[in-house]
Amino acid sequence: MFSEETLYSVALRHCPLIGDMVFRKLVSEVGSAKEVWELSKSGLKNIYGIGRKISLEIGNEDHLKFAENELRFCEKNNIQINLRHLGNLPHQLNECEDAPAILYQKGNYNTALKPVSMVGTRNITSYGKNFVQDFLNEVKDRKIITISGLALGVDTEIHEVSIQKNIPTVAILAHGFHTLYPSKNRKLSERILQENGVLFTEFNSSQKPDRENFIQRNRVIAGLSPATIVVETAFGGGSISTATFANNYNREVFALPGKITDKYSQGCNHLIFQNKAAAISTVSSLVEQLGFSNDIEKTGELFPSSEIRIQLPEFQQTLLHSLDRNTPLSLDEISVKLQIPSYKILPDLLQLEILGYIKALSGRQYLAI
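Residues numbered from 1 in each chain as written. Predicted model: local features only at pLDDT ≥ 70, side-chain atom pairs only at ≥ 80, totals over all residues. Heavy atoms only, no water.

## Notes on the pairing of strand 6 (residues 198-201)
- Alternating positions in strand 6 separate into two faces, Val-198 and Phe-200 on one and Leu-199 and Thr-201 on the other, with burial throughout.
- In this structure, strand 2 (residues 102-107) lies alongside strand 6, joined through 4 bridges in antiparallel fashion. Bridge pairing in strand 6 places Gln-105 opposite Phe-200.
- You can see the chain leave strand 5 (residues 169-172), run along helix 10 (residues 186-194) and come back into strand 6, and the turn it takes is right-handed. (Buried < 20%, exposed > 50% of the residue type's maximum accessible area, 1.4 Å probe, protein only. Helix = DSSP H or I, 4+ residues; strand = E, 2+ residues; numbered from the N terminus. Pairing = 2+ DSSP bridges. Right-handed = clockwise from strand over helix to strand, strands pointing away.)

Below, the structure written as structure tokens:
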């Protein structure tokens, strides 16, 4: 049985013009969804930013009846309803300003595992498939849980390979649990649940997979994880929006570079060029940057860093020594420190990043590795 607060939360969120941000404002001002629902019209109008159209919808019995039906649907289908204002969301997602007010869930989400979001084009190539196989094979024993969007292509590959390697995986849907899109992945969604994975959606059972829902869905993919990996994407692909959300949340973004002539590498290359994603040079360096290194991997300690880095051009060595391993420096700060214009530094920073000597963070900030 669901609580009264869940009932009124679903009813309130169903009202036109009440999105996640307005919902959060109302509940924080009044105290609970139930109290908002029962507040007088004059009381609602006293809340800054809540206009007449919104206040007229609150208390409408049609929305309450919808919520009653929705709760019955969820009970029948073993769907959990997570309310943000009650602290039910995964903590990484809860940190995002625009996180969903309500998140529907099937399956159990293991918070002890480290989430990594992985996205990409529906037109995955053998290059992308090989990367997904190699990366997930490398991290399969390291308490990871993968997150993607259940779309065809890269998403499907991520979910399927995760299952093959006994890695729990999370699929974020762009519609309610009354349907499954794409229909080709219905059996895959069932396997995800059978193998200790999870299906999440912010959409109720009246909401179809409309085009705008997919962009909205992408912010949840980015928000659930401290890092997002873009495997392959063309210019303007949906994965670019996921990377943008991750950047806005100050999360790490990594992109798999490719040939400039390869259509489904161009989006990744552009993210790297714009400093919106760190270039993936090797699977092992990516694993290290994500914090999955274990005690067995001590090879680097056998070689002093100076012995390796002495092979770099003189200016790149100087640039590398100007960076710290713990405190990131911005491009402007590096420019001032070295007294060299930033546009002259940027190509060498990119080269050092590709070689795996430094890590690029959001906001054009850099760390030595």
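## As for unusual backbone geometry
- A cis amide bond, omega -5°, links Tyr-181 with the succeeding residue Pro-182.
- Within the secondary structure layout, Pro-182 lies in the loop between strand 5 and helix 10.
- Even without glycine at this site, Lys-143 takes up a positive phi of about 55°.
- By the element assignment, Lys-143 lies in the loop between helix 8 (126-139) and strand 4 (144-148).
- Here Asn-250, not a glycine, exhibits a phi torsion of approximately 60°, which is positive.
- Of the residues examined, Asn-250 reaches a relative accessible area of 62% and is grouped as exposed.

## Quick word on the side chain of Ser-205
- Summarising the element assignment, Ser-205 is placed in the loop between strand 6 and helix 11 (211-223).
- Within the local environment of Ser-205, its side chain forms a polar contact with the side chain of Glu-70, the two groups lying 2.5 Å apart.
- In contact with Ser-205, not counting residues within four places along its chain, are Glu-70, Phe-73, Gly-176 and His-178. (Polar contact = N/O pair within 3.5 Å; in protein donor to acceptor, adjacent residues only side chain to side chain. Contact = heavy atoms within 4.5 Å.)

## Description of the sheet that holds strand 12 (residues 365-368)
- Read from one edge to the other, the open sheet built from 3 strands follows the order 10-12-11, with strand pairing classed as antiparallel. With partners counted over all chains shown, the strands left at the sheet margins are strand 10 (329-330) and strand 11 (358-361), one partner each.
- Alignment of strand 10 against strand 12, held across 2 bridges, turns out to be antiparallel. Within strand 12, the position partnered with Ser-330 by the bridge is Gln-365.
- Along the sheet, helix 18 (residues 342-355) makes contact with strand 11 and strand 12, crossing strand 11 at roughly 115°. (Axes fitted to C-alpha atoms, helices over the stretch in contact; angles between N-to-C directions.)

## Re the sheet that holds strand 8 (residues 252-255)
- Spatially, the 9 strands line up as an open sheet ordered 1-2-6-5-4-3-7-8-9, and their pairing is mixed. Of all strands in the sheet, those bounded by a partner on one side alone are strand 1 (80-83) and strand 9 (278-279).
- As paired elements, strand 3 (residues 114-119) and strand 4 share 4 bridges and run parallel to each other. Note on strand 4: the bridge partner recorded for Lys-114 is Ile-144.

## Digging into the packing of aromatic side chains
- Considering all chains together, one arrives at 5 aromatic pairs under this definition.
- Residues Tyr-8 and Trp-37 carry aromatic rings whose centres are separated by 6.3 Å and whose planes lie at 50° to one another, so their mutual orientation is tilted. Taken as a pair, Tyr-8 in helix 1 (residues 4-14) and Trp-37 in helix 3 (residues 33-38) lie far apart in primary sequence, 29 residues in all. Of the two residues examined, Tyr-8 and Trp-37, each falls in the buried class.
- Taking the centre distance of 6.0 Å and the plane angle of 10° together, the rings of Phe-131 and Phe-135 count as stacked. Taken together, the residues span about one helical turn, with Phe-131 and Phe-135 both in helix 8 at a distance of 4 residues. Here the two residues Phe-131 and Phe-135 agree in accessibility, since each one is buried.
- In this structure, Lys-106 packs its charged tip against the face of Phe-177, placed 5.9 Å from the ring centre. (Phe/Tyr/Trp six-rings, centres within 6.5 Å; stacked < 30°, edge-to-face > 60°. Lys NZ or Arg CZ within 6 Å of the ring centre and 35° of its normal.)

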